[in-house]
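What the coordinates show
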Amino acid sequence: QTMASHTTAALGGLEQLRMCGAGAGRALAVLTSGGDAQGQHEQWRGGTGERPPGARSRARRAQPSRRGGTRWDAEEGRRSVAQTYSHLNIVGLVGSIDNDFCGTDMTIGTDSALHRIMEVIDAITTTAQSHQRTFVLEVMGRHCGYLALVSALASGADWLFIPESPPEDGWENFMCERLGETRSRGSRLNIIIIAEGAIDRHGKPITSTYVKDLVVQRLGFDTRVTVLGHVQRGGTPSAFDRVLSSKMGMEAVMALLEATPDTPACVVSLSGNQNVRLPLMECVQVTKDVQKAMDEKRFDEAIQLRGRLGLRLPVSAFVQSNFSVAILNVGAPAAGMNAAVRSAVRTGISQGHKVYIIHDGFEGLAKGQVRPCGGLDLWPPMAGEVSAPRTLPKTCLEKIVENVRAYNIQALLVIGGFEAYEGVLQLVEARSQYEELCFVMCVIPATISNNVPGTDFSLGSDTAVNAAMESCDRIKQSASGTKRRVFIVETMGGYCGYLSTVTGIAVGADAAYVFEDPFTIHDLKANVEHLTDKMKTDIQRGLVLRNEKSHEHYTTEFLYNLYSSEGRGIFDCRTNVLGHLQQGGAPTPFDRNYGTKLGVKAMLWMSDKLRQSYRKGRVFANSADSACVIGLRKKTVAFSPVTELQKVTDFEHRMPQEQWWLDLRLMLKMLANYQISLTEYVPLELPAPGPSSPAIWAR
């Protein structure tokens, strides 16, 4: 059956469900298999609306009627039942911390495993710096090096071993030379990350013990080995895994309800920021092909089958360019900023550019607080993020132009929130007055509010959601111990309700009030009645989230008074304002990795634009596409001109006019056990029909 007919059948099935009622008379079973992965409870919850009662569950089997008593009736009954249950529709969800399934960017549990790894690396880093040690860290990944690769990128490791890309012969000399150079430049630590399945070009295992002995014998460095083992499987699921598995669980149920007897088995996968359904058996076959290629030592083919794994940048001879690139931060700190700056600087230096670091944002550029950067004195990816004033260029435009001319700045990378986007837009609008501003500009969105147009995710938003989620988990624990208590929690985000909505899904909130989804006193009344009914069940607690600017009059204090009054005698109420707690903490693996990727991609894009706009000995870039916002949009990382984004921006409330995450609010209500209508459900975007194989949609 072709993908085109599958798409048509799915959409047709959804319309039938909307008309006839969802799942009436159907039975669904949930089966888990293989190793455990964090987030599997949320996957179950997303599909059924409840958490699993325990480790095991029993499916009820339909039994043929025994009425009548004759053998003929019994045979007839069995034939009737066999006819009724002649087919079984199957939808797969992949739960694996190794992220080794081809067809999805991320499997359930991978992000949580990365959290455990990064927590250990951060702890190791402090002791390693104190004692000037080298640490060899072994992580899981017998057949897939994803955990090792991403943790190496996120931590700035010195060396990496993964099974898909064995080192060339003589790697021992290269590695020791690299470690020695790092120490000679003043570094007090070295980190080597190795996947448990790492091998050399001849298939011989590379063990952590062998690497440690090699470093000790050749360099004499004090070296320690840390094997994480099953620590990576445990712990609390991350916010990413909770939301991902909830989305996938709901989509899997929809796929089953829409299915016909002819619908082939599919797997719900993640492509960029979108769930997609892919043929299950084709994805399984590609996954097997990867292992076969590795067994036969066809490693280049194995990397291609893995998809967009991004193992290495193209290596080219270093050539000094004549271009000068400046990097500045604008606005409040956001986790992942340092990772973006670090990767952008090092990529710029590798491209031969002269790289400047500007302190104190646009205000610092106006005051001439510009210094060249050699790439060796950068902040590590896990350090505290560096913020800058929110001053916009229009307040000091002439001074900015003077320093642009003085330092011959030909490209500007701005990392920050809505002020960064608005500031670049002001510079573009001033090009008609000042020719010096006709240079290449790029914005990397970095704000916990996730309110910058042109991207689905801003740097720092994942860390902020995890910070809010951890606080809410503790609050729920307090509410459970007290019994019959409702907490109203206020989150940050300005007018943008992303933090409240996504955190609400991650923690199982009963309601989340946001500016983008207007609510009235009748909605508040319905929420109070819902909580009143909930207190009659076994779960005698409540959690309500409110975005800080969700409503001018229905403030957190108003909600507290309303819930306290209406719930008197049934439940009591408490409030908690999370505040700047959401801005602090170590960046999550997602933000570190995302910042690293955006920094590299932004600098490579700027390098291409510089070469394209270089004429007659100077750079002149005044086209719309010479000033862009980089960000993940649906399935790909894209560059969007700021002049185009201006048309879809709500400047009064500092956010995009349309928000993709509003589609998640239906799931929030469903998980809180509200009665929902499928007429509000937004079907996922199915892959375009064609001869493409799952490898194209793989990581």
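Below: a short report on this structure. Please read all numbers here as calculations on a predicted model, not as lab measurements. (Residues numbered from 1 in each chain as written. Predicted model: local features only at pLDDT ≥ 70, side-chain atom pairs only at ≥ 80, totals over all residues. Heavy atoms only, no water.)

1. Focus: unusual backbone geometry
Even without glycine at this site, Asp 360 takes up a positive phi of about 65 degrees. Although it is not a glycine, Lys 634 adopts a positive phi angle of roughly 60 degrees. Inspection of the secondary structure puts Lys 634 in the loop between strand 19 (627–633) and strand 20 (636–641). Here Lys 634 falls in the partly exposed class, since its relative accessible area comes to 48%. (Helix = DSSP H or I, 4+ residues; strand = E, 2+ residues; numbered from the N terminus. Buried < 20%, exposed > 50% of the residue type's maximum accessible area, 1.4 Å probe, protein only.)

2. Topic: the side chain of Asn 99
Along the chain, Asn 99 falls in the loop between strand 1 (91–92) and helix 4 (110–131). Polar side-chain contacts of Asn 99 include one of 3.0 Å to the backbone nitrogen of Thr 107. (Polar contact = N/O pair within 3.5 Å; in protein donor to acceptor, adjacent residues only side chain to side chain.)

3. With respect to the pattern of salt bridges
Taken as a whole, this structure holds 26 salt bridges when the rule is applied. A salt bridge links Arg 618 to Glu 435; the nearest nitrogen and oxygen atoms lie 2.8 Å apart. You can see Arg 618 sitting in strand 18 (residues 618–619) and its partner Glu 435 sitting in the loop between helix 14 (418–429) and strand 12 (440–445), a full 183 residues away along the chain. By relative accessible area, Glu 435 is classed as partly exposed at 46%. Linking Lys 525 and Glu 529 is a salt bridge whose minimum nitrogen-to-oxygen distance equals 2.6 Å. Of this pair, Lys 525 and Glu 529 are both found in helix 17 (residues 521–534), four residues apart, which corresponds to roughly one turn of the helix. Glu 529 gets classed as partly exposed once you look at its relative accessible area, which sits at 39%. In this structure, a network of salt bridges that share partners links the residues Arg 133, Asp 222 and Arg 224. (Salt bridge = Lys/Arg side-chain N within 4 Å of Asp/Glu carboxyl O.)

4. Quick look at helix 17
For helix 17, which comprises 14 residues, the first-to-last C-alpha distance of 20 Å matches the rise-based estimate of 20 Å (1.5 Å per residue) to within 8%. Among all positions of helix 17, only Leu 524, Asn 527, Val 528, His 530, Leu 531, Thr 532 and Lys 534 are buried. Of the surrounding elements, those touching the buried residues of helix 17 are strand 13 (485–491), strand 14 (511–513), strand 15 (541–547) and helix 18 (556–566). (Expected span 1.5 Å × (residues − 1). Contact = heavy atoms within 4.5 Å.)

5. Side note on the pairing of strand 13
Looking along a regular strand, one sees side chains alternate from face to face of the sheet. With seven of seven residues buried, strand 13 is to be regarded as a mostly interior element. Of the two faces of strand 13, both are covered, the one formed by Arg 485, Phe 487, Val 489 and Thr 491 as well as the one formed by Val 486, Ile 488 and Glu 490. Across seven bridges, strand 13 lies against strand 15 in parallel orientation. The partner of Val 489 across the bridge, within strand 15, is Leu 545. (Pairing = 2+ DSSP bridges.)

6. Focus on the side chain of Arg 485
Within the secondary structure, Arg 485 is located in strand 13. The class for Arg 485 is buried, based on a relative accessible area of 13%. Sequence-distant contacts of Arg 485, that is, excluding residues within four places in its chain, are made with Ala 479, Met 535, Gln 540, Arg 541, Gly 542, Phe 571, Asp 572 and Arg 574.

7. Considerations on the sheet that holds strand 13
Taking strand neighbours across the sheet as the criterion, the four strands line up as 14-15-13-16 in an open arrangement whose pairing is parallel. Only two strands of the sheet have a single neighbouring strand rather than two, namely strand 14 and strand 16 (572–577). On average, adjacent strands in this sheet sit at an angle of 20 degrees to one another, irrespective of strand direction. When strand 14 meets strand 15, the two strands line up parallel, connected through three bridges. Bridging across to strand 15, Ala 511 finds its partner in Val 544. Contacts between helix 17 and the sheet are confined to strand 13, strand 14 and strand 15, with strand 15 contributing the most and set at about 155 degrees to the helix. (Axes fitted to C-alpha atoms, helices over the stretch in contact; angles between N-to-C directions.)

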